[in-house]
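A look at the structure
Take a look at the letters that make up each chain.
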Amino acid sequence: MLGLNKKDLSLLLVVTFLALCAPFILNPFPTDSSLAQFNAGYPDLMQRFVIFGIFAIGFNILFGLTGYLSFGHAAFLGVGSYSAVWMFKLLSMNVLPAIVLSVIVAGLFSVVIGYVSLRRSGIYFSILTLAFAQMSFNLAYSVLTPITNGETGLQLTLDDPRILGVSRTESGGIPVTNLFGLDMRDTYEMVVGPWSFQFNNGYYLCAILMLISFYLAIRIFRSPFGMMLRAIKSNNTRMTYTGLNARPYTLAAFVISGMYAGLAGGLLASMDPLAGAERMQWTASGEVVLMTILGGAGTLIGPVLGAGFIKYFENIFSKINESVLHTWFGFMPDGLEDLVITLVYPFVGKGWHLTLGIMFMLVVIFLPGGLVEGGQRIAGLFRRKKSGDDANKSTQSTPAE
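Please read these numbers as outputs of a predicted model, since none were measured by experiment. (Residues numbered from 1 in each chain as written. Predicted model: local features only at pLDDT ≥ 70, side-chain atom pairs only at ≥ 80, totals over all residues. Heavy atoms only, no water.)

What about helix 14 (residues 334–344)?
Regarding helix 14, the residues found buried are Glu 337, Val 340 and Ile 341. Down the axis of helix 14, the sector holding all buried residues measures 100 degrees, keeping them to one side. Along helix 14, the residues that are exposed and aim more than 90 degrees away from the buried face are Gly 335, Thr 342 and Leu 343. (Buried < 20%, exposed > 50% of the residue type's maximum accessible area, 1.4 Å probe, protein only. Helix = DSSP H or I, 4+ residues; strand = E, 2+ residues; numbered from the N terminus. Arc of directions from axis to C-beta.)

Next up, the structure:
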């Protein structure tokens, strides 16, 4: 079905279930509960989960299949965002043309950077991509200010010369992004007892595009093209000795990966029509590397899990402050409570990066395959336990000779 084998189809169905049921899955605690701050079923946060999932899926096609580590993919994310905002300013508030332009421009930009960077491999390739990303960031921040609006960032104004549509609404405000009239900000709230679930149009558009991106990634992984990319990662030198030129394949993987990043950038701008140079900074490139390695480089679902994990930490654990900690540990004696809060506070709130760094270090040391490997080990333990129980039952049921 859909050109997938049974295992890949099951994986696609699992990801589809998680994406479509995210408002329920990410809101496990009642609204009035003290644990409600750990709920993540908010439209903005759910949008970021799937958008950065797309970003990580595309990066994994390059890094997971070919082994080429790029530190410059944030440049394509930023280019996609700028392209989408310019489309909103000049043509229409419909997100579809903006997303298409984002993918095309990012693809063209990645052809240029990839053609130069892929002349080298290993650490030299990584340094070249990092250099291109920093050049792009500085150009957007200062040199190309008429196009990018520099430090302030490119955003919509009431004077935009929009060809299709109005520049301002009847109330005098800036029009919102839409998909053929379907407002991306519209949210339906469903209240079930003490629980509240939010269903946002923008999130489901991003989720559908993420599922399409995930399906295309599966097809690439299982195609002869994907096998060629794995061969490059396995032994590029031996491949060259056989007479095969690996550069067209690596360039194609680089461009596809850049187009995924452009799609993610276009979706970020579609949900919030703003593009800033900070999206092109090297820290954004490092973030997608963390997502891919943490989830499991070279796996299909790993980058999606890694993106969700990091964005959850960024938006939920960073909100834990001293007052929240006092609420948690208020049952302790005063002196012990202050001591525990003093020890815990550096790892939450503004220090959430420290916790993430420790967890990343532990994953790299003990789970080189990321969260996917951890899940496989746990599943393996249950399988061994079940097979051991079955063996014991069969031994007990067999009469002694």
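Remarks on helix 1 (residues 6–20)
Over its 15 residues, helix 1 extends 21 Å from the first C-alpha to the last, a length consistent with the 21 Å expected when each residue adds 1.5 Å. Against helix 2 (22–25) and helix 8 (201–222) lie the buried residues of helix 1. (Expected span 1.5 Å × (residues − 1). Contact = heavy atoms within 4.5 Å.)

A few points about a nonpolar patch on the surface
A contiguous nonpolar patch, built from Phe 347, Leu 354, Ile 358, Met 361, Leu 362, Ile 365 and Phe 366 and spanning about 640 Å² of accessible area, is present on the exposed surface. Within the secondary structure layout, Met 361 lies in helix 15 (residues 352–366). (Patch = residues over 30% accessible without salt bridge, like charges linked within 9 Å, V, L, I, M, F, W, Y side chains within 5 Å. Areas by Shrake-Rupley, 256 points an atom, 1.4 Å probe, with all protein chains shown as cover. Salt bridge = Lys/Arg side-chain N within 4 Å of Asp/Glu carboxyl O.)

What to know about the pairing of strand 4 (residues 187–192)
In this structure, strand 4 lies alongside strand 5 (residues 195–200), joined through six bridges in antiparallel fashion. Across the sheet, Glu 189 pairs through a bridge with Gln 198, a residue of strand 5. Where strand 4 hands over to strand 5, the hairpin turn is made up of two residues, of which Gly 193 adopts a positive phi near 60 degrees. (Pairing = 2+ DSSP bridges.)

Some points on the packing of helix 8 against helix 10 (residues 247–271)
Contact pair helix 8 / helix 10: the axes reach a minimum separation of 11 Å and the direction vectors enclose 175 degrees. Classified by the angle their axes make, helix 8 and helix 10 are roughly antiparallel. Taken together, the residues of helix 10 that come into contact with helix 8 (itself represented by Gly 202, Leu 205, Cys 206, Leu 209, Ser 213, Leu 216, Ala 217 and Ile 220) are Ile 256, Tyr 260, Leu 263, Leu 267 and Met 271. (Axes fitted to C-alpha atoms, helices over the stretch in contact; angles between N-to-C directions. Parallel < 35°, antiparallel > 145°, perpendicular 65-115°, else oblique.)

As for the packing of helix 11 (residues 282–295) against helix 15
At a minimum axis distance of 10 Å, the contact between helix 11 and helix 15 shows a crossing angle of 45 degrees. Viewed along their axes, helix 11 and helix 15 adopt a mutual orientation that is oblique. Here helix 11 and helix 15 pass one another in a crossing that is left-handed. Contacts between helix 11 and helix 15 pair Leu 290, Ile 293 and Leu 294 from the former with Phe 360, Val 363 and Val 364 from the latter. Considering only residue class, the contact of helix 11 with helix 15 consists of six nonpolar, no polar and no charged. (Left-handed = near helix turned anticlockwise from the far one by under 90°. Nonpolar A, V, L, I, M, F, W, Y, C, P; charged D, E, K, R; others polar.)

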